[in-house]
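Observations on chain architecture
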Amino acid sequence: MTKSTIYVDLGTHAYNIIIGKGLLPKAGEYLSTVLVSKKVCIVTDENVAELYLSDLTKSLEKSGLEVCPPIILPAGESTKNFTRLQYIIEKCSSYRLNRKSTLIALGGGVIGDITGFAAAILMRGIKFVQVPTTLLSQVDSSVGGKTGINTASGKNLVGAFHQPEFVLIDTDVLKTLPARELKAGYAEVLKYALINDSDFFNWLEKNGEALLNGEDDFLKYAIEVSCKAKAAIVIQDEYEEKDIRALLNLGHTFGHALEALGGYDGRILHGEAVGIGSLLAFEFSQQINLCPSEDVERVLEHLIKTGMMAEPPFKVTAEDVLNFMKGDKKNMDGKITLILTKGIGQAFVSRQIRETELTAFLQKKFG
Ligand code: NAD
Ligand code: GLY
């Protein structure tokens, strides 16, 4: 399998994403040519540290980089909080990192988001690199520079836009990823197809199951298509100001509500919630006569065929879901904003949501 490079053309903070097999043990070769200073610090979680920290550290040291003691955090969504952020900042200060030093996020979206945010605010911004190790982080969170943590009021409510210097995607690390996490990441792959790429949806209908069985070439192809799709959107609307980047939130407004209602206790993963949320966006679009029912059927069938979650694994009420949706970051002037669709590959941002229609839909769905 050959290595691919995708250039994220963001002017003064442009960067490359490289995708291929066996790249992590060679990370030092790539990073030593990109980084301006030799001092680096790896931030990771306990699961990933066990599997990949040693290989990464050895590779960086072999290439002459000065590697500080690693910062190892507990695994899971609850790590994205102020306490852990403060811990990272204090450790980095004790290592006397400077503005040219680099944090290396080795892990899934949780580690990428909190490390990126620490890098954004340390000394008003130091450098960081993403080495994503889940499918979700390889196709979505490691690209585009959204960083942040959660608060009691909801997900990602504190954060910053801060682009990485480089994204290194080694598809081999997905071999150790639990099947449930792989499926959760697949929901974000599916998202790109549903937003604006019906050919990719056709491809997923044909190859999605093989991809989820760990077929290397299919995984690499899907990661590449996803990263290209994300890069294309991010370069047009880096700060989500033009109703272009917001498309990447397809399924997320419904999904974030489900995640919050699950209390982030592991019953529903972020990707699982996004998969269900995408289906809800299609179903709601159909209910208000925007989307043909055949397309909703195809999405539902695909979720079922690939063994994805198609409904929340716990009881929710329409009122609870609506309450969380009202707190979404995309809403403006008290109006709910949703990513709706006219069919597979035809998503758009709608700021014209009628609360009565949404309530009726949620009541029909959840009671
Ligand atoms: P995660 O980071 O919690 O990782 C999932 C689990 O897999 C963890 O237990 C982790 O330890 C384990 N793991 C990671 N890599 C592994 C590997 N190779 N082998 C074995 N185990 C491994 O979750 P995630 O799904 O990667 O990320 C979810 C987070 O990403 C959420 O907080 C979400 O808000 C965020 N996110 C951010 C963006 C963005 O643009 N910044 C986009 C999408 C999602
Ligand atoms: N994951 C949504 C975004 O990056 O905008």
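Analysis parameters
- Residues numbered from 1 in each chain as written.
- Chains lettered and ligands numbered in written order.
- Predicted model: local features only at pLDDT ≥ 70, side-chain atom pairs only at ≥ 80, totals over all residues.
- Heavy atoms only, no water.
- Core = buried A, V, L, I, M, F, W, Y, C linked by side-chain atoms within 4.5 Å.
- Buried < 20%, exposed > 50% of the residue type's maximum accessible area, 1.4 Å probe, protein only.
- Contact = heavy atoms within 4.5 Å.
- Near = heavy atom within 4 Å.
- Polar contact = N/O pair within 3.5 Å; in protein donor to acceptor, adjacent residues only side chain to side chain.
- Areas by Shrake-Rupley, 256 points an atom, 1.4 Å probe, with all protein chains shown as cover.
- Helix = DSSP H or I, 4+ residues; strand = E, 2+ residues; numbered from the N terminus.
- Nonpolar A, V, L, I, M, F, W, Y, C, P; charged D, E, K, R; others polar.

Residues Phe 254, Leu 358 and Leu 362 are the most contacted members of the largest nonpolar core, which totals 75 residues. Ignoring any residue separated from it by four or fewer positions in sequence, one finds Leu 362 in contact with Phe 254, Ala 318, Val 321, Leu 322, Met 325 and Gly 367. Counting residues in hydrophobic clusters, the runner-up holds 24 residues, among them Leu 35, Leu 53, Phe 166 and Val 173.

Contacts to ligand 1 come from 28 residues, most closely from Asp 45, Glu 77, Thr 133, Thr 134 and Thr 176. Between ligand 1 and Val 173 there is a distance of 3.0 Å, counted from a nitrogen atom to a backbone nitrogen or oxygen. The side chain of Lys 230 places a nitrogen or oxygen atom 3.5 Å from an oxygen atom of ligand 1. Coverage of ligand 1 by the protein amounts to 91% of the 870 Å² it exposes when considered alone. Counting only elements with at least two residues in the shell around ligand 1, the list comes to α2 (46-62), α4 (109-121), α5 (135-141), β9 (154-161) and α6 (179-196). Top element by residues in the shell around ligand 1 is α2. It accounts for four residues. Considered class by class, the residues forming the shell around ligand 1 number nine nonpolar, nine polar and ten charged.

Inspection of the region around ligand 2 gives Asp 140, Lys 146, Lys 230, Glu 240, Arg 245 and Leu 248 as its neighbouring residues. Residue Asp 140 places a side-chain N or O atom 3.2 Å away from a nitrogen atom belonging to ligand 2. A distance of 2.7 Å separates an oxygen atom of ligand 2 from a polar atom in the side chain of Arg 245. For ligand 2, the accessible surface in isolation is 200 Å², of which the surrounding protein chains cover 89%. Considering only residue class, the shell around ligand 2 consists of one nonpolar, no polar and five charged.

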